[in-house]
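# Coordinate inspection notes
For reference, the chains in residue letters:
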Amino acid sequence: MAIFNRSSSSSGESPHQKDPEMYGKTEYQTGTTSGLVVDENGVAVHTDNHHLHRGLKSRHITMIAIGGAIGTGLIIGTGKALAQSGPASILIAYTSVGFLVYIVMTALGEMAAWIPHGSGFAGYATRFCDPALGFALGWTYWCKYIITTPNQLTATALIIQEWVPSTKVNPGIWILIFLIIICGINYFGIKFFGELEFWLSSFKVVTIVGVILLSFILAVGGGPGDATGFKYYSKPGAFKPYITTGDAGKFYGFWSSLVNAVFAYLGTELIGVTVGEAQNPRKTIPRAIKLTFYRILFFYCLSVFFLGMLVPYDSEQLAFASKARTGAAASPFVVAIKIAGIKALPDILNACILIFTFSASNSDLYIASRTIYGLAEEGHAPKIFRWTDKRGVPVPALAISALFCCTAFMNAADDSKTVFGYFVNLTTIFGLLSWISLLVSHIWFVRARRAQGITNDQMAYVAPFGLWGSIIALFFCCLIALTKNFNVFTRGSYGAFDYKNFVTGYLGIPVYLICIFGYKFFMKSKGVKPHEADFYTGKDEIDREEEAFLAHQAEKKLAMGDKKNGGWFYRTFVAWLF
């Protein structure tokens, strides 16, 4: 380890406005006895048991972000969307929601680049908007992930049943094994977690790229069958009526695909949870956001585009797949492979989906533990959850999150699966509410920084669509949240009012509002006025950490001279994808 001592400066410049080459020459002196303690990578080391450690490198952040976006929602959920809506509907819907996700992430990036602290985006809501909003956002987001984590664990057990039926091995055994593994991964520290997630997410990317290439080859006639082209856009059609017939039915179909697309993209915002453990976050977070947007459009838009060319929405095999819960049998891409007459690939894809769900459960547990740590940081959860060990792991937060994951064992009994399914449906809207909260926080953030005279030139990153981009995105997020389960209001072929779907689909909204107004009532909190918003508490510490990291990088570059770094090929030709 090294100790860096910061010299006084009256320039008032923020670290990202300075020349990194000057670090190590004038800003810092090594070998002193006081100052900031850093490790061999130039990352600040805290020993007060209340700090997360910045162990996530740039490549870890970008891959965790894309890994959170690529999941069963793409490789499985698109089958349901195609069967309900048709190829043109899903292409328009997934592209539109991808753009909406970009606005949400850039809004988050602007706040995270200014002050990348460990409280996550609930901390931004507390600091710049209203403590009640931060309280509601943090707790509902935590609830979402202590439900989705066991749900992913259950999915892994169900996928294994494709090879080992439940009559031979109880699925609870697989759930226990995977739960112990992901707890161990999270306990070993952020560096180990980041490296493992990097490779798991890389595997996801390779899988999706392979699926896209295969789909393209099949679409142009490179497989056993004839080229499909756009024939399914003509027959059975580009837009499928849903619930009713005619233009109204086609619109319902499109809107259902829009809701499915939102569900598929949920989790992209998890990059906001990693900012407290990111190295040089003012550079890595904006870069990860930009790359994630391009990757999402590349992966999702190309995937659904080719899927619409390969599988007709009225395919009997697709209808079967849309009813399956998980596994290769539920993937529309397997349907495309079967239609093309290719054998053996379903088992390979099933193994890939198993990796997808395992990675998702691992990262979901990470998010849950960091979310409740952030709540404790803001004083919205017991202080014990703020405690971290010497590696920066919030062990109590991890333990309580893992304990709630034991609800996955409910799925070992068949009679509990229905109730648990309703519980999952109840919490899915919390992901959409987190987008709404992020956009509201960004709107208040921009208003506050303008009121206090903080210009764009002083920012490390500025959302390209600014205030109005967030306002427009907020409108559409609210609209989708209110119409998420619109089919319960349409009689159509469903007949009676679907009260179960209505309750589980919308109960999240009143729970969220109760958290906000309940906090305001009991804690007597008030909204943050623009000219009183706190932009600077904790910023100096993060500035010093950034300067120390850049100083180390500059020294390393000077020591290497003109030698090419071993990662040059990776950065030049591969980094945009991985």
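Computed from a predicted model, the values in this text were never measured in an experiment. (Residues numbered from 1 in each chain as written. Predicted model: local features only at pLDDT ≥ 70, side-chain atom pairs only at ≥ 80, totals over all residues. Heavy atoms only, no water.)

## Re the environment of W114
- Relative to the helices and strands, W114 resides in helix 4 (residues 87-114).
- The exposure class assigned to W114 is buried, which follows from its relative accessible area of 5%.
- For the pair formed by W114 and F535, sequence separation is 421 residues and the distance between their alpha carbons is 8.3 Å.
- Other than its neighbours up to four places away in sequence, W114 contacts R282, F445, I454, Q458, M459, F535, Y536 and K539. (Helix = DSSP H or I, 4+ residues; strand = E, 2+ residues; numbered from the N terminus. Buried < 20%, exposed > 50% of the residue type's maximum accessible area, 1.4 Å probe, protein only. Contact = heavy atoms within 4.5 Å.)

## Some details on the nonpolar core
- Judged by nonpolar contacts, the single largest core of 158 residues is most densely connected at Y94, Y124, Y265, I271 and W435.
- Here this core gets 16 residues from one element, more than from any other, and that element is helix 4.
- The contacts of W435, once residues within four sequence positions are left out, are V101, V104, V262, Y265, L266, E269 and C477. (Core = buried A, V, L, I, M, F, W, Y, C linked by side-chain atoms within 4.5 Å.)

## Some words on the packing of helix 6 (residues 131-160) against helix 7 (residues 171-187)
- Running from N to C, helix 6 and helix 7 cross one another at 125 degrees; their axes reach a closest spacing of 9 Å. One finds that helix 6 runs oblique with respect to helix 7. The crossing of helix 6 and helix 7 is right-handed. Here helix 6 contributes T149, L153, T154, T156, A157 and I160 to the contact with helix 7, which in turn contributes P171, W174, I175, F178, L179 and I182.
- Tallied by class, the residues present in the contact of helix 6 with helix 7 amount to nine nonpolar, three polar and no charged. (Axes fitted to C-alpha atoms, helices over the stretch in contact; angles between N-to-C directions. Parallel < 35°, antiparallel > 145°, perpendicular 65-115°, else oblique. Left-handed = near helix turned anticlockwise from the far one by under 90°. Nonpolar A, V, L, I, M, F, W, Y, C, P; charged D, E, K, R; others polar.)

## Re the side chain of T78
- With respect to the helices, strands and loops of the structure, T78 is situated in helix 3 (residues 77-85).
- Note on T78: relative accessible area 1%, which makes it buried.
- At 2.6 Å, the side chain of T78 and the backbone oxygen of L74 are in polar contact.
- Ignoring any residue separated from it by four or fewer positions in sequence, one finds T78 in contact with G73, Y94, V304, L307, P332 and F333. (Polar contact = N/O pair within 3.5 Å; in protein donor to acceptor, adjacent residues only side chain to side chain.)

## Thoughts on the environment of F239
- Position of F239 among the secondary structure elements: in the loop between helix 9 (231-237) and helix 10 (246-265).
- Overall, F239 belongs to the partly exposed group, its relative accessible area being 35%.
- F239 sits 154 residues away from S85 along the chain, and the two C-alpha atoms are 6.0 Å apart.

## Side note on a nonpolar patch on the surface
- Side chains of F489, F497, Y499, F502, V503, L507 and V511 sit close together on the surface and give an oily, nonpolar patch of about 610 Å² of accessible area.
- Checked against the element boundaries, V511 lands in helix 19 (residues 508-523).
- For V511, a relative accessible area of 33% translates into the label partly exposed. (Patch = residues over 30% accessible without salt bridge, like charges linked within 9 Å, V, L, I, M, F, W, Y side chains within 5 Å. Areas by Shrake-Rupley, 256 points an atom, 1.4 Å probe, with all protein chains shown as cover. Salt bridge = Lys/Arg side-chain N within 4 Å of Asp/Glu carboxyl O.)

## Side note on helix 4
- Helix length check: helix 4 (28 residues) gives 41 Å between terminal C-alpha atoms against 40 Å at 1.5 Å per residue, within 8%.
- Here helix 4 lies mainly inside the structure; 23 of its 28 residues are buried. (Expected span 1.5 Å × (residues − 1).)

## Some details on the pattern of salt bridges
- The tally for this structure, following the rule as stated, stands at four salt bridges.
- E110 is paired through a salt bridge with R449; the nearest N and O atoms lie 2.9 Å apart. Of this pair, E110 sits in helix 4 while R449 is found in helix 16 (residues 417-451), placing the two residues 339 residues apart along the sequence.
- When the shortest N-O distance is used, the salt bridge between K520 and D130 registers 2.8 Å. A residue pair is termed long-range when its members are at least 10 positions apart, and K520 in helix 19 and D130 in the loop between helix 5 (120-128) and helix 6 qualify at 390 residues.
- On the basis of relative accessibility, which here comes to 11%, the residue D130 falls in the buried class.

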